[in-house]
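Here are the chains, one letter per residue:
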Amino acid sequence: MMRKYSREIIVAIALILLMLALAAYAPAYFDPQPLLSRFTSQAPALVAAIGITLVIIIRQIDISIGAQFSMCAVVAGVAAAAGMPLPVAVLAAVLTGAVMGAFNGLLVAWLGLPSIVVTLATMVTWNEALRLWQQGRLMNLPAGIQWFGLSQSAGQGIVIGLSVVLLIAFAWGMRNLALGRYVYATGTDAEAARLAGINPRWMTFGVFVLTGALAGLAAVLNMVQSPQVQPNAGDGLELKVIAAAVVGGVAITGGRGNLWGVLLGLLLLVNVNPALTYFHQPPYWERAIQGLVILLAVVADGLQRGKKVKHA
Amino acid sequence: MRALKGVSFDLAAGEVHALLGENGAGKSTLIKVITGAHSPDEGTLKVGDETLRSLTPAHARALGIACIYQQPALFPDLTVAENIGLRLKKPKPFSVVKRGSQRQMAIDLLKRVGAEISPDAEVRELSMPEQQLVEIACALGSGAKIVIMDEPTASLTQKEQHLLFGVVKDLRASGVGVVYISHRLEEIFALADRVTVLRDGESVGTHAVKDLTESAMIKLMVGREVATLYPPAEGEPGETVLSLKGLSCAEGGVQGINLEVRAGEIVGMAGLVGAGRTELARILFGITPADSGEILLGGKAVKMHSPREAIAQGIAYVPEDRRRHGVILEMPIAHNITMAVHPRLFPGTWLRKKSETSLAEDFIRDLGIKTYGPEAPGGSLSGGNQQKVSVSRWLATKPKLLILDEPTQGVDVGAKSEIHRIIRGLAKEGLAVLMISSDLPEVLGMSDRIAVMRGGTITAVLPGGADAHDVMAAALGQSGREVA
Amino acid sequence: KKTETGGAKDGKLTIAFLPKSKGNQYFVTCERGARAAAKELGAELLFDGPTNSDPAKQNEIVEGWISSGVDVIAAACENKEGLSTALRNAQKAGIKVVTYDADALPDARSFFVNQATEKGIGDALLDNAAKLIGEEGEFAIITANLTAANQNAWIKAIETRQAEKYPKLKLVDIKPCDDLKDKAQQETTNLLGAHPNLKAVISVCSPGVPGAAEAVKQAGKTGAVKVVGLGLPSENKAYVKEGVTQSVILWKVEDLGYLAIKAGAALADGSLKPGATEFDAGKLGKLKVEGDNILLGTPFAFTKENIDQFDF
Amino acid sequence: MHEMSSAPSKSLKGIFARHEVVLLLVVALEVLIFSLLGRNFLGEANVSNIFRHSVEIGMLALVMTPVILTGGIDLSVGSMMGLCAVCFGILVKEAQFSPLLAALCSVAIGATGGGLNAFLIARLKLPPLIVTLGTFSLFRGLAEALTKGSKSYSGFSDSFLALGNSEVAGLPAQLWIFIAVALGVYLLVHHTTFGRSFRAIGYSPEGSRYAGLAVGRNISLAYILAGAVAGLAAVIFVARIGEARANAGIGYELLAITAVVLGGTSIFGGSGTVCGTLLGYLAVAVLNNGLKRIMDYELLDRKISDMASELSGLLTGLLLIVALAITPLLRILATRRSRSQH
Ligand SMILES: Nc1ncnc2c1ncn2[C@@H]1O[C@H](COP(=O)(O)OP(=O)(O)OP(=O)(O)O)[C@@H](O)[C@H]1O
Ligand SMILES: Nc1ncnc2c1ncn2[C@@H]1O[C@H](COP(=O)(O)OP(=O)(O)OP(=O)(O)O)[C@@H](O)[C@H]1O
Ligand SMILES: [Mg+2]
Ligand SMILES: [Mg+2]
């Protein structure tokens, strides 16, 4: 038990230490309002991280997730700005995401192309297409979109609630549904999965589609937080969520990891920056610290794995 | 290239039907077609009353076909129980996994195959034969009408083999049709009712086993007579090449090994699976360095920290797991053969492709590797020929000590006797040979001396023509007539 | 693909117009003015710029224009020293060079079309903020990247001004937002929490203004914390009207593009020479030239009262 | 007994199936189109521009090839350029080193950074994607921290700047360095036992270890080389731009990987050639440059040259997908056809 969840425990300890330090030196960090705003603004990243986790567990990668996020945000924004009701805009975003995910999935699952290259190519393609289409216009949304037309606290509640519900549902499903087992099995050994009667192609395809759809949903959850849509809103999202998954203990070699770890990883990474601000430290250390956190996480992984082999 | 041409094959309920053929004859391919792993270009399959053009693995399973592949197809990150659960009746994607009942089922099945494996162990921690046993448990548990076994005994030792035979006989008794592939003819005589022989992807006939003699069977397989006699030893062994004194390694589970191997001598290593023979070889080859004890090579104490050092000291190791450690399937045969001799063949690190090709051609000719040329990728060869490439790589290093780990595992009789001839020839040229094998007749027939291991130590060293019973007794840890 | 109106360069003046980055509303608006000027002049306009943050991209584009033989280059410099190297090469090749928006080194161009001096902008921003908070208290700055040259120059101007004129103001932090509105919002949320006495947020990059405003609004500090910044009216209208953002400072961006092209063309036909003190800028009338700076005029402060009159 | 299986047929079709030939055709097609539609595309100045502005990426692509051949990847090379550029600037401007000495230091720093990657990947056996994702942030972060994000170094001597902006024997000065690096990497990959080892390791690291190859040493070599050349590329970059700043080389790792993969190197390791990488790099560089030259044609009411930056990204992405997908697609179609004939 301890060994199985050792990564989660390490990350949780790191997170707790950070929180303790904040509590001691910058208690204002825990004021409810900024805390709520911070959580709300990171909720879309959590939803995207669910998708990327599934992708990594099935032994693929999707670096186009940020581009998908941007594209879905713009599609939702365009739909909303054209006066369509919010549900239609949501549907449009999720469908757009699913279609982009399906494109990745098709190339990866049926043509057997390496996902890192495929999604590198689609990332560039979507981003540039978006630039040609929108030319960077910050799109103003009609009233009634922000916070779903509700009050700010209700809206924040819905955003956080929805992403947490998604997280719980996926975490439960990955552990308890046969389908979740299939994802792990496919990620561990696609050929063995095939011989066990699982269709690894459909599984891989499905995970990419799902990831696209989640990126679309994440874009919507992001859109409702302000009255404007920026067409490159997803820039850098892929690095953030991949790093969160890795720090959270998802093995890049597939088949291992769980969403609770990813939640912890994400919390740790997205708190580096606020912590610097609250400790009144200059911002230019942020990237170096994030790099260090990632490296420490993998090194911990390596040392732990080394130990395991010795004990076996 | 066609792997199969117009093969017809039928299986009755309650029979054990053996498939026989040389390496690369198409046996594995045929069963892959039956299990839906490959789809056939033409022809039909009939399962019960249903006629099909092709199958998917899922469909095959629904029809009651279960298969134990040559390579275990398990998921190393999942536990034994989870693996078994996945391989049994496929649950609906959105159904909830019932952990408790799954675990209980795993315990029952493992008991039925007589395996002492925890259902909660991750498969990555299991040894190869243990994994094979889990595979067998999966096949049993699926309640299949047809069970296919592709060389299930290749990595099993005597004890597990007996368990397996029991399982096969149970299956037959309960009306299940069993397809059984093996290169060990004695198993076929012990188990099978009928045998279909494949040669070059074509069926050369189906016969009742009781109508055939061993030599007739071999003749069907290879289309010629093969001497099944082991090549005899000649002359006296020379000075001691390898001497081990109290060699121990906690990580590999090996302790207090004392052994000597002399030039021109073949020392066989017998033992049950998990006895630590491969681990000993890995220590000698510098893969898992020893904690204590001495390795003396030609009288000099040496320390081995990596295969590189071992090679430099004149040790060669033909590994057990050919696919993972032996031959790189994507690389040309020539590149495979020269891999261990880079420093000697390419001084100053510059490649010399001419000398490389000619070296490879020499080995292709000398060992009779069936291929169209040194540039053919390793993966284009059949298992037996891949094994010859693996041996060639190590002969190219001109070693003083050659360690062979299961040298004829899954190799057909023709190739097997050829490999035996090669090994004996090398010994005659003064090489010291340490041969690990789970094939008891092979150990008995080939060895000048036999070391038997059990639980990480050498329990007996017996002379060449020892009695099979003595070897087994030492391997099982029963008090036998021990000869030091 | 369809063939174009005119052929190649049949004696037509070719002017190349380089933005700091493409896909940015600010430069898209500049381009609009530039196109109008080019049409007026009967000149051919080339427009290209970097789409990512690669600092060498602008050099590459300028070198490309040099070898294709343009007559005039009007450039906004992302990296001052870096781009100057390429602009000097252009001058060596006989191309007339003007800069606009962000200057190069003086020897790398003939004139700088100055929408406002660095000092002018810094002063305007800080003066506005100081007036709003009573010349006393803490303020923070949101910038695009810590590496952006002219933003750094503005920040420096703000710091100088503060030291000279407002001893009771205190700059507590400078945060980069990667030109992302959402990141600006997160940074501002943290700043508000970490510095409870914060009185004003000054954003020197345009996506930062609405981002900071949204954070202030979510924190329920509308009016209590003032938001001032450099931005486009269209992107800030809603916040200005709600009273979250107090003033947005900008020049008439379209006129900047227009003027840059006019000045470049005049330089090419010899009507504008070094040492001139006045420049006839067509529909903009006669503008003052100070040294080698052509002045567009003082920056304009958009407020609740006048913001509806602008459509960019 | 020695019956030979048939060797694979080397028909004309076989030759065209070779990736390099297809790429060569793509490059030729690009050159043809751009010289017809583009303004002054084949002019001497422009041809040297194509190289001048891309040799850094080309160099990164070259050294990325051995890394990918070993089955690895190095996402940190672009960030390494940023770090080395900053260090170079500090050494020249603050420590008053001569540019040559500072350049050597820059290469050494790059090699050290590559050594960090190598240590984590080869010694601790950590996955390269994640290790270099970490150092990707770390190196750039260090560059930012060293300069407090905003500081930059400029005003280098003319003789140093000539490295990035002058011609030697009719070619851009830095192109000669590039040629030297290309030759070196070519020999390394195709004519030494190191290259052979890279492949073997890419196909099967365990198998390579069992065969006595120095797996760790060879993998380390690939990453250290990548770091060192990133340091060299940083110097060339500074010489071209005339400014050393923390943002040098942003995004170059992806461009380099694109060139390598477009050149036919398998991202899974083992197979690939340096010639392929060079052609892949050329295809991207020519596309990027050529689109800027199409000033007389419009697409959707905008000059193509006005959309060159976006279009070249878009087309590179599509080209990459097509280049990868064409082989499996043809294979699938072929089996379909042969099935339907039965
Ligand atoms: N997918 C494939 N494509 C092309 N050739 C194949 C394929 N699979 C197998 N072969 C070839 O078909 C032949 C039959 O292979 P198969 O695996 O069926 O042999 P086998 O009888 O099981 O041999 P062994 O006893 O060595 O396991 C071999 O020569 C092999 O090289
Ligand atoms: N997809 C494939 N393409 C080409 N050849 C294949 C393919 N799959 C299997 N083979 C070849 O079929 C042959 C037999 O494969 P298989 O895995 O059945 O046996 P093996 O374990 O290699 O041999 P052995 O009989 O010695 O155990 C091998 O030569 C293998 O390379
Ligand atoms: Mg077989
Ligand atoms: Mg063994």
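To be clear, the structure that these remarks concern was listed above.
If you're wondering where the values come from, they're calculated on a predicted model, not measured in any experiment.

**Side note on the overall build of chain A**
Then, number 1: Along the backbone of chain A there are 12 helices and two strands.
Then, number 2: Ordered by position from N to C terminus, the α and β elements of chain A give α-α-α-α-α-β-α-α-α-α-β-α-α-α.
Then, number 3: Taken against the 2.2 N^0.38 rule, which gives 20 Å for 312 residues, the C-alpha radius of gyration of chain A at 20 Å falls within 12% of a compact globule.
Then, number 4: Reported as C-alpha extents along the three principal axes, the dimensions of chain A are approximately 60 × 55 × 35 Å.

**What to know about the site of ligand 2**
Residues and elements named next belong to chain B.
Then, number 1: Surveying the vicinity of ligand 2 reveals 14 residues, the closest of which are Gln70, Arg323, Leu381, Ser382 and Gly410.
Then, number 2: The contact in question runs from an oxygen atom of ligand 2 to an N or O atom on the side chain of Ser28, over 2.8 Å.
Then, number 3: Arg323 places a polar side-chain atom, nitrogen or oxygen, 2.6 Å from an oxygen atom of ligand 2.
Then, number 4: Calculation on ligand 2 without its partners gives an accessible area of 610 Å², and the protein chains cover 63% of this total.
Then, number 5: At the level of elements, α11 (322-326) and α15 (383-395) are the ones that each hand at least two residues to the shell around ligand 2.
Then, number 6: In terms of residues, the shell around ligand 2 owes the most to one element, α15, which gives three residues.
Then, number 7: Here the shell around ligand 2 is composed, by residue class, of one nonpolar, 10 polar and three charged.
Then, number 8: Three or more residues apiece are contributed to the shell around ligand 2 by two domains, here domain 1 (16-222) and domain 2 (240-476).

**Quick look at the packing of helix α6 (residues 99-123) of chain D against helix α7 (residues 128-146) of chain D**
Residues and elements named next belong to chain D.
Then, number 1: The N-to-C vectors of α6 and α7 enclose an angle of 150°; their axes lie 10 Å apart at closest approach. Judged on the interaxial angle alone, α7 and α6 are roughly antiparallel. At the point where α6 passes α7, the crossing takes the right-handed sense. Contacts between α6 and α7 involve Gly113, Leu116, Asn117, Leu120 and Ile121 on the former and, on the latter, Pro128, Val131, Thr132, Thr135, Leu138 and Phe139.
Then, number 2: Among the residues making up the contact of α6 with α7, the classes are represented as seven nonpolar, four polar and no charged.

**A few points about the state of the cysteines**
Then, number 1: Tallied over the entire structure, the rule returns zero disulfides over all chains.
Then, number 2: Distance from the sulfur of B:Cys138, which forms no disulfide, to the nearest cysteine sulfur (B:Cys67) is 12 Å.

**With respect to the packing of aromatic side chains**
Then, number 1: The final tally for this structure, using the stated rule, is 21 aromatic pairs over all chains.
Then, number 2: Here C:Tyr26 and C:Trp251 contribute two aromatic rings whose centre-to-centre distance is 6.2 Å and whose plane-to-plane angle is 90°, an arrangement assigned as edge-to-face. Taken as a pair, C:Tyr26 in helix α1 (residues 25-41) and C:Trp251 in the loop between β11 (245-250) and α9 (253-268) lie far apart in primary sequence, 225 residues in all.
Then, number 3: Summarising the aromatic geometry, the rings of D:Phe237 and D:Tyr252 are spaced 6.2 Å apart at their centres and angled 75° between planes, so their arrangement reads as edge-to-face. Here D:Tyr252 lies in helix α13 (residues 252-262) and D:Phe237 lies in helix α12 (residues 215-241), a separation of 15 residues in the sequence. A single burial state applies to D:Phe237 and to D:Tyr252, both of which are buried.
Then, number 4: One aromatic cluster is present, built from ring pairs that chain together C:Phe17, C:Tyr26, C:Phe27, C:Phe47, C:Tyr100 and C:Trp251.
Then, number 5: We note C:Lys283 situated over the ring of C:Tyr258; from NZ or CZ to the ring centre the distance is 4.6 Å.

**Regarding the interface of chain D and chain A**
Where the parts come together, the accessible area they lose is often given as the size of the interface.
Then, number 1: With 44 residues of chain D at the interface, the matching set in chain A holds 37 residues.
Then, number 2: Counting every contact that joins chain D to chain A gives one salt bridge.
Then, number 3: With its nearest N and O atoms 3.0 Å apart, the salt bridge here joins D:Glu144 to A:Arg287.
Then, number 4: For the side of chain D that touches chain A, the secondary structure elements donating two or more residues are α7, α13 and α15 (308-341) of chain D.
Then, number 5: A breakdown of the residues in the side of chain D that touches chain A according to their chemical character gives 29 nonpolar, nine polar and six charged.

**So, the interface of chain C and chain D**
Then, number 1: If you look at the interface, chain C gives 42 residues, while chain D gives 41 residues.
Then, number 2: Taken over both partners, the interface formed by chain C and chain D buries close to 3,500 Å², and the fraction arising from carbon and sulfur atoms is 48%.
Then, number 3: The tally of links from chain C across to chain D stands at five salt bridges.
Then, number 4: For D:Asp306, the salt bridge is made with C:Arg35, and the minimal N-O distance between the two is 2.7 Å.

**Notes on the coordination of the magnesium ion (ligand 4)**
Residue and element names in this part refer to chain B.
Then, number 1: Summarising the metal site, the magnesium ion (ligand 4) is bound by the protein donors Thr278 (OG1) and Glu320 (OE), whose distances to it range over 2.1 to 2.3 Å. Taken as a pair, Thr278 in helix α9 (residues 277-284) and Glu320 in the loop between β14 (315-318) and α11 lie far apart in primary sequence, 42 residues in all.
Then, number 2: Judged by its relative accessible area of 32%, Glu320 falls in the partly exposed class.

**A look at the pattern of salt bridges**
Then, number 1: A complete count under the given rule lists 49 salt bridges over all chains for this structure.
Then, number 2: Between B:Glu418 and B:Lys388 there is a salt bridge; the shortest N-O distance is 3.3 Å. Pair noted here: B:Glu418 is in helix α16 (residues 413-428) and B:Lys388 is in helix α15, with a separation of 30 residues, a long-range link. Of the two residues examined, B:Glu418 and B:Lys388, each falls in the buried class.
Then, number 3: Three or more residues joined by partner-sharing salt bridges are found here, namely C:Glu31, C:Arg35, D:Arg302 and D:Asp306.

**Let's talk about the packing of α6(D) against α12(D)**
Residues and elements named next belong to chain D.
Then, number 1: α12 packs onto α6 with a crossing angle of 150° between their chain directions and a minimal axis gap of 7 Å. The element α6 and its partner α12 pack so that their crossing is right-handed. Contact residues: α6 offers Ala103, Ser106, Val107, Gly110, Ala111, Gly114, Gly115, Asn117, Ala118, Ile121 and Ala122, while α12 offers Gly216, Ile219, Ser220, Tyr223, Ile224, Gly227, Ala228, Gly231, Leu232, Ala234 and Val235.
Then, number 2: Tallied by class, residues from the contact of α6 with α12 come to 13 nonpolar, nine polar and no charged.

Calculation notes
- Each chain carries its own residue numbering, running from 1 in the direction its sequence is written.
- Chain letters and ligand numbers both follow the written order, the letters beginning at A and the numbers at 1.
- Side-chain atom pairs in this predicted model are given and counted only at pLDDT of 80 or more, local residue features only at pLDDT of at least 70, and totals for whole chains, interfaces and linings cover all residues.
- Note: side-chain values were computed over all heavy atoms of the structure, leaving out hydrogens and water.
- For the purposes of this entry, the term helix denotes a DSSP run of H or I that reaches at least four residues, the term strand denotes a run of E that reaches at least two, and both are numbered from the N terminus.
- We compute the radius of gyration over the C-alpha atoms and compare it with the globule rule, which gives 2.2 Å times the number of residues raised to the power 0.38.
- We call a residue near a given molecule or strand whenever any one of its heavy atoms falls within 4 Å of it.
- In protein, a polar contact requires one atom able to donate a hydrogen and another able to accept it; more generally it is a pair of N or O atoms within 3.5 Å, and residues adjacent in sequence count only if both atoms are side-chain atoms.
- A 1.4 Å probe and the Shrake-Rupley method give the accessible areas. Residues count as covered only by the protein chains that appear here.
- Residue type decides the class: Asp, Glu, Lys and Arg count as charged, Ala, Val, Leu, Ile, Met, Phe, Trp, Tyr, Cys and Pro as nonpolar, and the leftover types, Gly among them, as polar.
- A domain assignment, automatic or from a database, supplies the domain bounds used here.
- The convention used is that axes are lines fitted to C-alpha atoms, helices contributing only their stretch in contact, and that angles between N-to-C directions extend from 0 to 180 degrees.
- Roughly parallel here means an angle under 35 degrees, roughly antiparallel means over 145, roughly perpendicular means 65 to 115, and every remaining angle is called oblique.
- Helix crossings get a hand from a simple test, with the near helix turned counterclockwise from the far one by less than a right angle marking a left-handed crossing and a clockwise turn marking a right-handed one.
- A contact between two residues is defined here by any heavy atoms of the two lying within 4.5 Å.
- Any pair of cysteine sulfurs within 2.5 Å is marked as a disulfide.
- Two aromatic rings, drawn from Phe, Tyr or Trp (for Trp, its six-membered ring), form a pair once their centres lie within 6.5 Å of each other, and the interplanar angle then sorts them: stacked below 30 degrees, edge-to-face above 60, tilted otherwise.
- Accessibility here uses a 1.4 Å probe with only protein chains present; expressed as a share of the type maximum, an area under 20% marks a residue as buried, one over 50% as exposed, and anything in between as partly exposed.
- Sitting over a ring, as applied to charges here, requires NZ of Lys or CZ of Arg to be within 6 Å of the ring centre and within 35 degrees of the ring normal.
- One speaks of a salt bridge when a side-chain nitrogen belonging to Lys or Arg is within 4 Å of a carboxyl oxygen belonging to Asp or Glu.
- Buried area counts how much accessible surface, traced with a 1.4 Å probe, disappears from two parts once they are put together, with both parts' losses summed.
- Here the coordinating atoms are restricted to nitrogen, oxygen and sulfur within 2.8 Å of the metal centre, or 3.2 Å for Na, K and Ca, and because water is not among them the sites may look incomplete.

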